[in-house]
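# Geometric and topological summary
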Amino acid sequence: MSFNMEDWEPKTKVGRMVKDGTITDIDEIFEKGLPIMELEIIDALVPDLEEEVMDVNLVQRMHKSGRKVNFRVIVAVGNKNGYVGLGQGKAREVGPAIRKAVDDAKYNIIKVRRGCGDWGCVCGREHTVPFKVEGKTGSVNVILMPAPAGVGLAVGDVGKTILKLAGIGDVWSQTSGQTQTTVNFANAIFEALKQLTKVKASEKDLKNMGVCSS
């Protein structure tokens, strides 16, 4: 269902600021650490998000009333231009589980710092991770490293999907642990991407790595 700004009645201060045009860029929200408590904020400020279902898993558990079955779904969302989110959802049917996962992924959306950090590449485009980062979830450990343009995504399929949605086209990687466990592999990749914004660097260093300062 497409988002219509006119039909939206914000329930939070941040939502009202987005609707009245006080906030026009999601980066303002990230930089000020403002809470995102309405999905419409994401729909309004990052309108071109694409969704990818990463995994659908049947989860069974015993209850005193009998066996209960739910579907657990993992979904990634991204605009292929620096914004990506990862979420999970559970429900008795696949459709509602996907919807919950999409909503969760939107709430978890982050800005991904990109650049041209490989010493052998001087293209200056934001096509790879600007420096080495690491993410760990459960037994899975993932290291992402800058790669020159044209290398592509040297990582497993789950990682490729998330990185493409983030707008990263080239990367080297090292992985260890049970990488066939989709939920842990996906979360490890996402955790590595989060580290990109936590690394402190000077404006000069960022410029050398091809990272846009805006």
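Summarised in this report is the structure supplied together with it.

What counts, and where the lines are drawn
- Residues numbered from 1 in each chain as written.
- Predicted model: local features only at pLDDT ≥ 70, side-chain atom pairs only at ≥ 80, totals over all residues.
- Heavy atoms only, no water.
- Core = buried A, V, L, I, M, F, W, Y, C linked by side-chain atoms within 4.5 Å.
- Buried < 20%, exposed > 50% of the residue type's maximum accessible area, 1.4 Å probe, protein only.
- Helix = DSSP H or I, 4+ residues; strand = E, 2+ residues; numbered from the N terminus.
- Domains from an automatic or database assignment.
- Pairing = 2+ DSSP bridges.
- Axes fitted to C-alpha atoms, helices over the stretch in contact; angles between N-to-C directions.
- Contact = heavy atoms within 4.5 Å.

Val84, Val112, Leu144, Ile162, Leu163, Ile189 and Leu193 are the most contacted members of the largest nonpolar core, which has 31 residues in total. Elements with a minimum of two residues in this core: strand 2 (66-78), strand 3 (83-91), strand 6 (140-145), helix 5 (157-166) and helix 6 (182-198). By residue number, the principal contributor to this core is helix 6, which donates 9 residues. Per-domain counts for this core show at least three residues from each of domain 2 (50-110) and domain 3 (133-209).

Pairing in this open sheet of 3 strands is antiparallel, and the strands run 5-6-7 from one edge to the other. Because the sheet does not close on itself, it has two edges, and the strands there are strand 5 (133-137) and strand 7 (172-176). In this sheet, adjacent strand axes meet at a mean angle of 15° when their direction is disregarded. Where strand 5 lies against strand 6, 5 bridges are found, and the strand directions are antiparallel. Directly across from valine 133, in strand 6, lies its bridge partner leucine 144. Of the strands in this sheet, strand 5, strand 6 and strand 7 touch helix 6, which is tilted by about 145° from strand 5.

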